[in-house]
Amino acid sequence: MKIRDWDTNLKIRLFGEALMNITFWMFFPFLTIYFADEFGKAQAGLFLIISQVFSVLANLMGGYCADRFGRKTMMVMASFGQGLSFMIFALSNSPWFNLPMLGFICFAFAGVFGSFYWPASQAMVADVVEEKHRSSVFAIFYTSINIAVVIGPILGAIFYVQYPFEVLLVAGFICMLLSFLLAKQTRETAPPYNAGSTGEDRRWYSPILQQVQDYRIIFRDQTFLLYIIAGVLVALTFMQLDMIIPVYMTDMIQQQEMFRFGDWSLTLNGEQAFGVILSENGLLVALFTIFITKWMGTFKERNVFVLSSFIYGISMVVFGFTSSLWLYILAMAIFTFAELMTAGIQQTFVSKLAPDHMRGQYFAAASLRYTIGRTIAPIAIPMSLWFGYQITFVILGALAVVSGFLYYVMFQKAELKQVKHIEAS
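Residues numbered from 1 in each chain as written. Predicted model: local features only at pLDDT ≥ 70, side-chain atom pairs only at ≥ 80, totals over all residues. Heavy atoms only, no water.

With respect to the overall build of the protein
Alright, step 1. Scanning the protein from N- to C-terminus turns up 18 helices and two strands.
Alright, step 2. When each of the 425 residues of the protein is scored for burial, the buried share is 54%.
Alright, step 3. On the protein, roughly 19000 Å² of surface is accessible, and the fraction owed to carbon and sulfur atoms is 67%. (Helix = DSSP H or I, 4+ residues; strand = E, 2+ residues; numbered from the N terminus. Buried < 20%, exposed > 50% of the residue type's maximum accessible area, 1.4 Å probe, protein only. Areas by Shrake-Rupley, 256 points an atom, 1.4 Å probe, with all protein chains shown as cover.)

Right, dumping it as structure tokens:
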């Protein structure tokens, strides 16, 4: 499905989110280093865990709200809230103020608003795109994000290090611009919500009870529950790209020569080296997402999920046992291949399971893989103090391998359930 054939809602989102993501990635990769420097590794890890707990709760509420109040409403509100959070964050790190705690609070609020945004945005794709085209549409959005991952850190290395206040201010403005575009140029796509007509349904706490009941129904599906648990474990691996890997590379690389031509050489410190591998990740994703998504479509989903987890585990071990920039680049190539293997099929897998009227909540429940994973992921930073970097990376790799085994069990259960359904009919 070509972009010119897309629904207008999706075209506007692709443009607006591309601008937002570029500015976001100008500063986001460096925030873990910033918080570790301001608060210390152990305290920064604890703070990041606390912020992600709120994101998990917001994510569950975001799924319910996307179904109850509409995709457009939630996306407009969330993008405006993110913009306001970034602007206050900018003031906390400005020529007039140096308030890292206020900056952290704003970062946490931005994460909460992001958790309200993404379930609605993913459900909107499922609303307006036929099932046969969803993988390619999700893959294009994923590619757009990773083009931002290429461009953003490069621009951030140039501008954010010198002008953090201005970069955060621009990020806030662009989020508010996206909110305005969504409000004025898009339409609502959510199916009508049936709230019921009894007196009990009109009580103030009834939406909360209904939401809990809906999620209980979702998690009774053992296949879907295993999908969440396995996804959380593998998320502990790839979330380290924002957590321990930048801190690790900053500690391990003081000054390292990357190229030499005669008397000229390119020498990088740890932060610059991290910027290189982050841009490598984004570049590989931008170049190969669609190709690898199509390639993976020729294999069984079970084999793709399982092998991706194992390859994630290998990349973690390579990261943990080297201090060479070129081996970091190799490890990132392995890491990125594992990432791309499942990039296009994950949302499609969820959309197959979700009833039309509960798509927002299914996508919210599925994204618990990321929100819970990101909640637990910062523990790797203090773990590096307790056990050392090598053991920490081995543990992360082992968790990725365990997730591969859980995916295998999940597909076995799904196949057995399908066979029983055929026999019963």
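Thoughts on a nonpolar patch on the surface
Alright, step 1. A cluster of nonpolar side chains, Phe80, Leu84, Ile88, Leu91, Trp96, Phe97, Leu99, Met101, Leu102, Ile105 and Phe109, forms an exposed patch at the surface whose accessible area comes to about 1000 Å².
Alright, step 2. If you list the elements that add at least two residues to the nonpolar patch, you get helix 4 (71-92) and helix 5 (100-128).
Alright, step 3. Overall, Met101 belongs to the partly exposed group, its relative accessible area being 38%. (Patch = residues over 30% accessible without salt bridge, like charges linked within 9 Å, V, L, I, M, F, W, Y side chains within 5 Å. Salt bridge = Lys/Arg side-chain N within 4 Å of Asp/Glu carboxyl O.)

With respect to empty space enclosed by the protein
Left-over empty space is what a probe sized like a water molecule reveals as it rolls over the atoms.
Alright, step 1. Across all of its chains, the model carries three cavities of 30 Å³ or more by this definition.
Alright, step 2. Here the second largest cavity defines a volume of roughly 90 Å³.
Alright, step 3. As for the second largest cavity, its lining consists of Gly231, Val234, Phe238, Phe305, Ser308, Ser309, Tyr312, Thr342, Gln346, Arg369, Tyr370 and Tyr407.
Alright, step 4. For the lining of the second largest cavity, the secondary-structure elements that each account for two or more residues are helix 9 (222-238), helix 12 (301-320) and helix 16 (368-376).
Alright, step 5. Broken down by element, the residue count for the lining of the second largest cavity peaks at four residues, all from helix 12.
Alright, step 6. In the lining of the second largest cavity, the residues fall into six nonpolar, five polar and one charged. (1 Å grid on protein atoms, 1.4 Å probe; cavity = no way out; pocket = protein on both sides within 12 Å on 5 of 7 lines; lining within 4 Å. Points joined across faces, edges and corners; volume = space filled by probe spheres on them. Nonpolar A, V, L, I, M, F, W, Y, C, P; charged D, E, K, R; others polar.)

Observations regarding the nonpolar core
Alright, step 1. Formed by 120 residues in total, the largest nonpolar core has its most connected members in Phe35, Tyr227, Ile245, Met249, Ile277, Phe319 and Phe393.
Alright, step 2. Apart from the residues within four sequence positions on either side, Ile245 is in contact with Gln240, Phe274, Ile277, Met316, Phe319 and Phe393. (Core = buried A, V, L, I, M, F, W, Y, C linked by side-chain atoms within 4.5 Å. Contact = heavy atoms within 4.5 Å.)

Describing the side chain of Asp7
Alright, step 1. Following the sequence through the fold, Asp7 ends up in the segment before helix 1 (8-27).
Alright, step 2. Looking at Asp7, its side chain comes within polar contact range of the side chain of Arg187, at 2.8 Å.
Alright, step 3. Contact partners of Asp7, with chain neighbours within four places excluded, come to Val128 and Arg187. (Polar contact = N/O pair within 3.5 Å; in protein donor to acceptor, adjacent residues only side chain to side chain.)

Some details on the packing of helix 1 against helix 4
Alright, step 1. As a packed pair, helix 1 and helix 4 sit with axes 13 Å apart at the nearest point and diverge in direction by 25 degrees. It follows that helix 1 is roughly parallel to helix 4 by the angle criterion. The hand of the helix 1/helix 4 crossing is left-handed. Together, Arg13, Glu17, Met20, Phe24 and Phe27 of helix 1 and Met75, Gln82 and Phe86 of helix 4 make up the contact between the two elements.
Alright, step 2. Looking at the contact of helix 1 with helix 4, its residues break down into five nonpolar, one polar and two charged. (Axes fitted to C-alpha atoms, helices over the stretch in contact; angles between N-to-C directions. Parallel < 35°, antiparallel > 145°, perpendicular 65-115°, else oblique. Left-handed = near helix turned anticlockwise from the far one by under 90°.)

With respect to the environment of Ala66
Alright, step 1. Tracing the backbone through its elements, the reader meets Ala66 in helix 3 (residues 41-68).
Alright, step 2. Residue class for Ala66 comes out buried when judged on its relative accessible area of 0%.
Alright, step 3. Placed 55 residues apart in sequence, Ala66 and Ser121 show a C-alpha to C-alpha distance of 8.8 Å.
Alright, step 4. Not counting the four nearest positions on each side in its chain, Ala66 is found in contact with Arg71, Met74, Ala120 and Ala190.

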